[in-house]
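The residues making up each chain are set out below.
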Amino acid sequence: MKIGVAMAFNHITPPAFIGEAARAVEAAGFDAIWVPEHVIFFPEYESRYPYSANGRIPGDPEGILDPFSALTYIAAHTERVRLGTGICLVPQRNPVYTARMVADLDYLSGGRVDFGVGIGWLKEEFDNLQMDFATRARRTVEYIEVMQALWSPELAAYEGESYQLAPCQFNPKPVQSPHPPIFFGGESEPALRRVASHGDGWYGFNLSPEAFAERLSRLDALLAEAGRSRADVQVYVGPRRDLLNPDAIAQFKALGADQAIVPLMAAKLETLKPRMDGLLKAVGR
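Throughout what follows, the structure given in this document is the object of discussion. As the structure is a computational prediction, the values presented were derived from the model and not from experiment.

Cut-offs and rules
Residues numbered from 1 in each chain as written. Predicted model: local features only at pLDDT ≥ 70, side-chain atom pairs only at ≥ 80, totals over all residues. Heavy atoms only, no water. Helix = DSSP H or I, 4+ residues; strand = E, 2+ residues; numbered from the N terminus. Rg over C-alpha atoms; globule rule 2.2 N^0.38 Å. Buried < 20%, exposed > 50% of the residue type's maximum accessible area, 1.4 Å probe, protein only. Contact = heavy atoms within 4.5 Å. Areas by Shrake-Rupley, 256 points an atom, 1.4 Å probe, with all protein chains shown as cover. Lys, Arg positive; Asp, Glu negative; His and termini not counted. Charge placed at Lys NZ, Arg CZ, Asp CG, Glu CD. Pairing = 2+ DSSP bridges. Phe/Tyr/Trp six-rings, centres within 6.5 Å; stacked < 30°, edge-to-face > 60°. Lys NZ or Arg CZ within 6 Å of the ring centre and 35° of its normal.

So, on to the overall build of the protein. Helix and strand content of the protein: 9 helices and 11 strands. Compactness check: the protein gives a C-alpha radius of gyration of 18 Å against a globular reference of 19 Å for 285 residues, within 12% of the reference. Referenced to the eigenvectors of the C-alpha coordinate spread, the extents of the protein come out at roughly 50 × 45 × 40 Å. Looking at the 285 residues of the protein, the share that counts as buried comes to 52%. Summarising the internal contacts of the protein: among those between residues at least 6 apart in sequence, 69% fall at separations of at least 24. Roughly 12,900 Å² of accessible area belongs to the protein as shown, and the carbon and sulfur atoms make up 54% of that amount. With 28 positive and 35 negative side-chain charges, the protein shows a spacing of 4 Å between the two charge centroids.

The subject of this paragraph is the environment of Pro-14. Note that Pro-14 resides in the loop between β1 (2–6) and α1 (15–28). Separated by 254 residues in the primary sequence, Pro-14 and Lys-268 place their C-alpha atoms 8.9 Å from one another.

Attention now moves to the pairing of strand β5 (residues 113–118). Burial within β5 is extensive, with 6 of its 6 residues counted as buried. The two faces of β5 match: Val-113, Phe-115 and Val-117 on one face and Asp-114, Gly-116 and Gly-118 on the other face are all buried. Of the strand pairs in this sheet, strand β3 (residues 82–85) and β5 are connected by 2 bridges, and their pairing is parallel. By the bridge assignment for β5, Gly-84 is matched with Asp-114. As defined by bridge partners, strand β4 (residues 88–89) adjoins β5 across 2 bridges and the pair is classed as parallel. Looking at β5, one finds that Leu-89 is bridged to Gly-118.

Enumeration according to the criterion identifies 14 aromatic pairs in this entry. Seen in terms of ring centroids, Tyr-203 and Phe-205 are 6.4 Å apart; in terms of plane orientation they differ by 80 degrees. Their pairing is edge-to-face. One aromatic cluster is present, formed by Trp-34, Tyr-45, Tyr-49, Tyr-51, Trp-121, Phe-183, Tyr-203, Phe-205 and Tyr-236 through successive ring pairs. The positively charged end of Arg-100 is found above the aromatic ring belonging to Phe-170, 4.0 Å away from the centroid. The lysine or arginine in question, Arg-136, covers the ring of Phe-133, its NZ or CZ lying 3.8 Å from the ring centre.

Taken together, the buried positions of helix α6 (residues 189–198) are occupied by Ala-191, Leu-192, Arg-194, Val-195, Ala-196 and His-198. Close packing links the buried residues of α6 with α5 (136–151), β8 (182–185), β9 (201–207) and α7 (209–225).

Shape descriptors only; they carry no functional weight alone.
As structure tokens, this is what we get:
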């Protein structure tokens, strides 16, 4: 099983550290670097973050780098490590521009992109972007279809309920064929349905082995309904933070996880390196 790390960089992160950290992560043998997305934050909000008891984003962040900017910088400082959006808020973005950024990153990195996507949870962010929160799930699916049309070798066109695209040329195409793998994040029934209908993979987050097994069983059923099977998708998991130990990681692997994505947060190399060592020990490497 592969091991990826989730990292976040913000307005107080020295740019030089990002390159140094990426090289250190690659040299340590980790398989992927995943970065999150939010374009704005709020000191107060009514939406509830789904992965914390108090409903707030841990650390109360005030800003993070755009995932494609951060990953392009990381790509320029690495050679092997995979580059993941964890996750890209697809329904908040124009799909043509998002397709452009994914394709360009894949082109510049030599085909190393894993495109993690989700529908978002922070209604206040949608409201301030003048994007409809209620229709975000439907738009996500259509926007993915728009991107797939643009990434195809043919002249691109699309006609949908929320987006129309006249026949057009779009280059460069992604290096990976037919496109970078699309990982849908989320553990709900609709999220798993999106994996089954449109996904190349599933990114489940904050899970125990027991919860992971239950959700995988449901995913298998939905894949079968769609005429697909587990062999058609990759399964990535973000373990619960209290379950970062060799036994739990071994359980995830035995259940079929292709990659475990673990948090790695640091602001300087002096703290990054011991934390990497601790993670490698925790996952049994």
